[in-house]
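# A look at the structure
So you can see what is in the structure, the chains are spelled out below.
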Amino acid sequence: MKLKFCGISHLQDAITASKLGADLLGFITEPGLLRYVKPEFLTLVRRRVEKPIVAVKTSLKFDDVAGIADIVQVHKVLTPREIEELSTLSLRFFLYVPSSREGLDYLKHVNKLTNAVPLIDSAVKGRMADLEYAKKILDERPDAGLGGGVTPDNVHEFVKLNPAWIDVSSGIESIPTKKDESKMRRIAEVVKGWT
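If you're wondering where the values come from, they're calculated on a predicted model, not measured in any experiment.

Cut-offs applied
- Chains are numbered independently. Their residues run from 1 in the order of the written sequence.
- Since the coordinates come from a predicted model, pLDDT governs what is reported: local features require at least 70, and pairs of side-chain atoms require 80 or more to be given and counted, while whole-chain, interface and lining totals use all residues.
- To get the side-chain values, take all heavy atoms of the structure and skip hydrogens and water.
- Helix and strand definitions here come from DSSP, where helices need a minimum of 4 consecutive H or I residues and strands a minimum of 2 consecutive E residues; each element is numbered from the N-terminal end.
- For this measure, only C-alpha atoms enter the radius of gyration; the expected value for a globule follows 2.2 Å times N^0.38, where N is the number of residues.
- Residue contacts are counted whenever heavy atoms from the two residues lie within 4.5 Å of one another.
- The Shrake-Rupley method, run with a 1.4 Å probe sphere, supplies the accessible areas, and residue values consider only the shown protein chains as cover.
- Axis definition: a line fitted to C-alpha atoms, over the contacting stretch in the case of helices. Angles run 0 to 180 degrees between N-to-C directions.
- Roughly parallel refers to an angle under 35 degrees, roughly antiparallel to one over 145, roughly perpendicular to one between 65 and 115, and oblique to any angle outside these ranges.
- The crossing is said to be left-handed when, going from far helix to near helix, the turn is anticlockwise and less than a right angle, and right-handed when the turn is clockwise.
- Gly is placed with the polar residues, together with every amino acid not listed as nonpolar (Ala, Val, Leu, Ile, Met, Phe, Trp, Tyr, Cys and Pro) or charged (Asp, Glu, Lys and Arg).
- Note on terminology: a nonpolar core comprises buried Ala, Val, Leu, Ile, Met, Phe, Trp, Tyr and Cys residues joined through side-chain atoms within 4.5 Å.
- Think of it in three bands: with a 1.4 Å probe and only protein chains considered, a residue is buried below 20% of the maximum accessible area for its type, exposed above 50%, and partly exposed in between.
- Our arc is simply the arc of the directions from the helix axis toward the C-beta atoms.

To continue, consider the overall build of the protein chain. Tallying secondary structure elements over the protein chain gives seven helices and 10 strands in all. The C-alpha atoms of the protein chain give a radius of gyration of 15 Å, which matches the 16 Å a tight globule of 195 residues would have. Excluding contacts between residues fewer than 6 apart, the proportion of contacts in the protein chain whose partners are at least 24 apart in sequence is 55%. For the protein chain, the exposed area adds up to about 9500 Å²; of that, 50% sits on carbon and sulfur atoms.

What follows is the structure, encoded as structure tokens:
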């Protein structure tokens, strides 16, 4: 099982995440969001860390990260027209799928994109993902990632659903935007030790 530490906004946090075994590093590249970093920060990280970089967006403007990020994560529910638009691009995508009944229906649209992998996350910001619906989505897409309220205390509940990867952001922070090495280590030990 892979591990993605997301919402990284400090270089040292990216280095620590990599050393602790994160397989993917996520960065919020949408202006106006709490953990926003400029695209130039991704270039700086790439010089120091050899892990795939995921640029997280809520808009469909990718020019600023297209040559830097390995994967673009679109963290919003898309219209059928927007999904069609993404199918014309050569980028690799992670697409947000809410852990809800609506998410199950939405998955049919996401499945039309061959260059996209679902990321199952909470349907309501700030709440833990609905693991019952997450399991149903994972049954259809075992290659999906799973996030939404993951912490060192509940990570076992997420890994037992056997997603392709676990996605964690605020659950590894000591204060908003600053990652906590001990929390990262605890989650990495569970995810990497899962069989």
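With that settled, the discussion passes to the packing of helix 1 (residues 11-19) against helix 2 (residues 39-48). Taken N-terminus to C-terminus, the directions of helix 1 and helix 2 make an angle of 40 degrees; their axes are 10 Å apart at the nearest point. As summarised for this structure, helix 1 and helix 2 are arranged oblique, according to the angle between their axes. Helix 2 is crossed by helix 1, and the crossing has right-handed handedness. The residues of helix 2 that touch helix 1, namely those facing Leu11, Ala14 and Ile15, are Phe41, Leu44, Val45 and Arg48. Considered class by class, the residues forming the contact of helix 1 with helix 2 number six nonpolar, no polar and one charged.

Mapped onto the secondary structure, leucine 20 falls in the loop between helix 1 and strand 2 (24-28). Beyond its immediate chain neighbours, meaning those up to four positions away, leucine 20 contacts Glu181, Met184, Arg185 and Ala188.

Turning our eyes to something else, we now look at the nonpolar core. The biggest cluster of nonpolar side chains holds 60 residues, and the ones touching the most others in it are Phe5 and Phe27. When residues no more than four places from it in sequence are discounted, the contact partners of phenylalanine 5 are Ala17, Ala22, Leu24, Leu25, Gly26, Val168, Ile172, Met184 and Ile187. Core analysis: the second largest hydrophobic core is formed by six residues, Leu24, Phe94, Leu119 and Trp165 among them.

Next up on the list: helix 4 (residues 101-110). Buried residues of helix 4: Gly103, Leu104, Tyr106, Leu107 and Val110, and no others. Buried residues of helix 4, viewed axially, fall in a sector of 165 degrees; they line one side. Exposed residues lying more than 90 degrees from the buried face of helix 4 are Arg101, Glu102 and Lys108.

Moving on, we get to the environment of phenylalanine 62. Structurally, phenylalanine 62 can be placed in the loop between strand 3 (53-57) and strand 4 (71-74). Linking phenylalanine 62 and aspartate 23, residues 39 residues apart in sequence, is a C-alpha distance of 22 Å. Leaving out residues up to four positions away in the same chain, phenylalanine 62 has contacts with Lys57, Val72, Val74, Leu86, Leu89, Leu91 and Phe93.

Nothing here speaks to function; it is geometry throughout.
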